[in-house]
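Each chain, letter by letter, is given below.
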Amino acid sequence: MSRSVLVTGGNRGIGLAIARAFADNGDQVAITYRSGEPPQELTEAGVLAVRCDITDAEQVEQAYKEVEEKHGPVEVLVANAGITKDQLLMRMSEEDFTSVVDTNLTGTFRVVKRANRGMLRAKKGRVVLISSVVGLLGSAGQANYAASKAGLVGFARSLARELGSRNITFNVVAPGFVDTDMTQVLTEEQRKGIVSQVPLGRYARPEEIAAAVRFLASDDASYITGAVIPVDGGLGM
Ligand code: NAD
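Residues numbered from 1 in each chain as written. Predicted model: local features only at pLDDT ≥ 70, side-chain atom pairs only at ≥ 80, totals over all residues. Heavy atoms only, no water.

*Asks:* Which residues make up the side chain of S131, and what values go with them?
*Replies:* With respect to the helices and strands, the residue S131 is situated in the loop between β5 (125–130) and α5 (133–137). There is a polar contact of 2.9 Å between the side chain of S131 and the backbone oxygen of K149. (Helix = DSSP H or I, 4+ residues; strand = E, 2+ residues; numbered from the N terminus. Polar contact = N/O pair within 3.5 Å; in protein donor to acceptor, adjacent residues only side chain to side chain.)

Written as structure tokens, this is what we have:
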């Protein structure tokens, strides 16, 4: 059965692979993107692309209105949008910290809260949050990012407890290192260092993250909530 699916930050990288996976499933997919133009392949596949900055509550509200008008209430939300602003603590400005938290954690709060309006009414819903192995392990130079991604785990587990009785599940996918624009900033040396720590000996492809997300949103995962699924090649074990 075709569901109304919303993927934040679905114009590139992991979010794009997730949007493709749901579109291939036959779902009605909407994505949000912050800037640039959404890829033509998505619009050609009938995916609704809505410009929305998740740090702005008004834009989030407008995006939901548009999605609901065209696809009905969101039944599956994938909160994927996120940023990094890496810096060692003593060089990290308050803005470096708060902007990452405002996007990755508070931005996720905004989109999840708004999605739950329809999910509570429908008495069902699936929410998948994209955290990171860095939120579980920590990472030098990424205290802001790690704090925001660890925060998502507490957020999802609290909501899993709060809203389980309403038939809404909240799960977290924690990717390891994935080949996307986000990791292009790493030097070849840093990349080799990371890969040497990964039991599977390579980065993930975005499609490998999307497969776990699609599973958590499927009927096969109907009894899974509050789970954190690492998709990290064994890095975090
Ligand atoms: P990316 O930089 O390619 O994509 C990030 C997406 O988030 C983009 O679509 C961007 O438009 C969107 N976004 C950023 N700020 C936004 C805002 N304020 N409002 C709306 N959208 C915004 O990165 P990616 O690698 O595809 O990352 C996707 C998610 O996966 C992120 O949450 C990231 O933290 C997480 N992640 C990535 C990796 C990795 O190795 N690439 C590893 C673990 C977790």
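*Asks:* Lay out the site of the ligand in plain terms, naming residues and giving numbers.
*Replies:* Around the ligand sit 28 residues, and of these N11, R12, N80, Y145 and T180 come closest. Note that a nitrogen atom of the ligand is positioned 2.9 Å from one of the backbone N or O atoms of I54. One of the side-chain N or O atoms of K149 is found 2.8 Å from an oxygen atom in the ligand. Expressed as a share of its isolated accessible area of 820 Å², the protein-covered part of the ligand is 97%. (Near = heavy atom within 4 Å. Areas by Shrake-Rupley, 256 points an atom, 1.4 Å probe, with all protein chains shown as cover.)

*Asks:* Report on the packing of aromatic side chains, specifying residues and quantitative values.
*Replies:* How two aromatic rings sit relative to each other is given by the distance of their centres and the angle of their planes. Under the defined criterion, the tally for this structure stands at two aromatic pairs. Ring centres 6.5 Å apart and planes at 70° place the aromatic pair F109 and F155 in the edge-to-face group. A residue pair is termed long-range when its members are at least 10 positions apart, and F109 in helix α4 (residues 94–122) and F155 in helix α6 (residues 143–163) qualify at 46 residues. Judged by its relative accessible area of 39%, F109 falls in the partly exposed class. Given a relative accessible area of 19%, F155 falls into the buried group. With 6.0 Å between their ring centres and 45° between their planes, F177 and Y203 make a pair best called tilted. One end of the pair, F177, is in the loop between β6 (168–175) and α7 (188–197); the other, Y203, is in the loop between α7 and α8 (206–216), and 26 residues separate them in sequence. The exposure class of F177 is partly exposed, given its relative accessible area of 22%. Among the residues examined, Y203 registers a relative accessible area of 6% and is labelled buried. Stacked on the ring of Y203, the Lys or Arg R191 has its end atom at 4.1 Å from the ring centre. (Phe/Tyr/Trp six-rings, centres within 6.5 Å; stacked < 30°, edge-to-face > 60°. Buried < 20%, exposed > 50% of the residue type's maximum accessible area, 1.4 Å probe, protein only. Lys NZ or Arg CZ within 6 Å of the ring centre and 35° of its normal.)

*Asks:* Tell me about the packing of helix α3 (residues 57–71) against α4, and please be specific about residues and values.
*Replies:* Orientation of α3 relative to α4, taken along the N-to-C sense of each, is 40°, at an axis distance of 10 Å. Relative to α4, the crossing made by α3 is right-handed. Two secondary-structure elements touch here, α3 through A57, V60, E61, Y64, K65 and E68 and α4 through R110, V111, R114, A115 and R117. Grouping the constituent residues of the contact of α3 with α4 by class yields five nonpolar, no polar and six charged. (Axes fitted to C-alpha atoms, helices over the stretch in contact; angles between N-to-C directions. Left-handed = near helix turned anticlockwise from the far one by under 90°. Contact = heavy atoms within 4.5 Å. Nonpolar A, V, L, I, M, F, W, Y, C, P; charged D, E, K, R; others polar.)

*Asks:* Report on the nonpolar core, specifying residues and quantitative values.
*Replies:* Y64, L77, V112, V127, L129 and F170 are the most contacted members of the largest nonpolar core, which has 30 residues in total. Looking at this core, the elements that each hand over two or more residues are β3 (48–51), α3, β4 (76–79), α4, β5, α6 and β6. With seven residues, α6 is the largest single contributor of residues to this core. Ignoring any residue separated from it by four or fewer positions in sequence, one finds V112 in contact with L77, V127, L129, F155, L159 and F170. (Core = buried A, V, L, I, M, F, W, Y, C linked by side-chain atoms within 4.5 Å.)

*Asks:* Describe the pattern of salt bridges, naming the residues involved and giving the relevant values.
*Replies:* Taken as a whole and judged by the stated rule, the model has 15 salt bridges. For the salt bridge of R191 with D179, the shortest nitrogen-to-oxygen distance reads 3.2 Å. Note that R191 is positioned in helix α7 and D179 in the loop between β6 and α7, a separation of twelve residues in sequence. On the basis of relative accessible area, D179 is assigned to the partly exposed category, the value being 35%. Connected through salt bridges with shared partners, the residues E61, K65, E68, R114 and R117 form a single ionic network. (Salt bridge = Lys/Arg side-chain N within 4 Å of Asp/Glu carboxyl O.)

*Asks:* Talk me through the sheet that holds β3; I want residue IDs and the actual numbers.
*Replies:* Read across the open sheet, the seven strands follow the order β3-β2-β1-β4-β5-β6-β7; overall the sheet is parallel. The outermost strands of the open sheet, each flanked by one partner alone, are β3 and β7 (228–231). Each neighbouring strand pair of the sheet contributes to a mean axis angle of 20°, computed without reference to strand direction. In terms of strand pairing, β5 meets β6 through six bridges, oriented parallel. Within the sheet, the bridge partner assigned to V127 lies in β6 and is F170. Lying over the sheet, α8 contacts β4, β5, β6 and β7, oriented at roughly 165° with respect to β6. (Pairing = 2+ DSSP bridges.)

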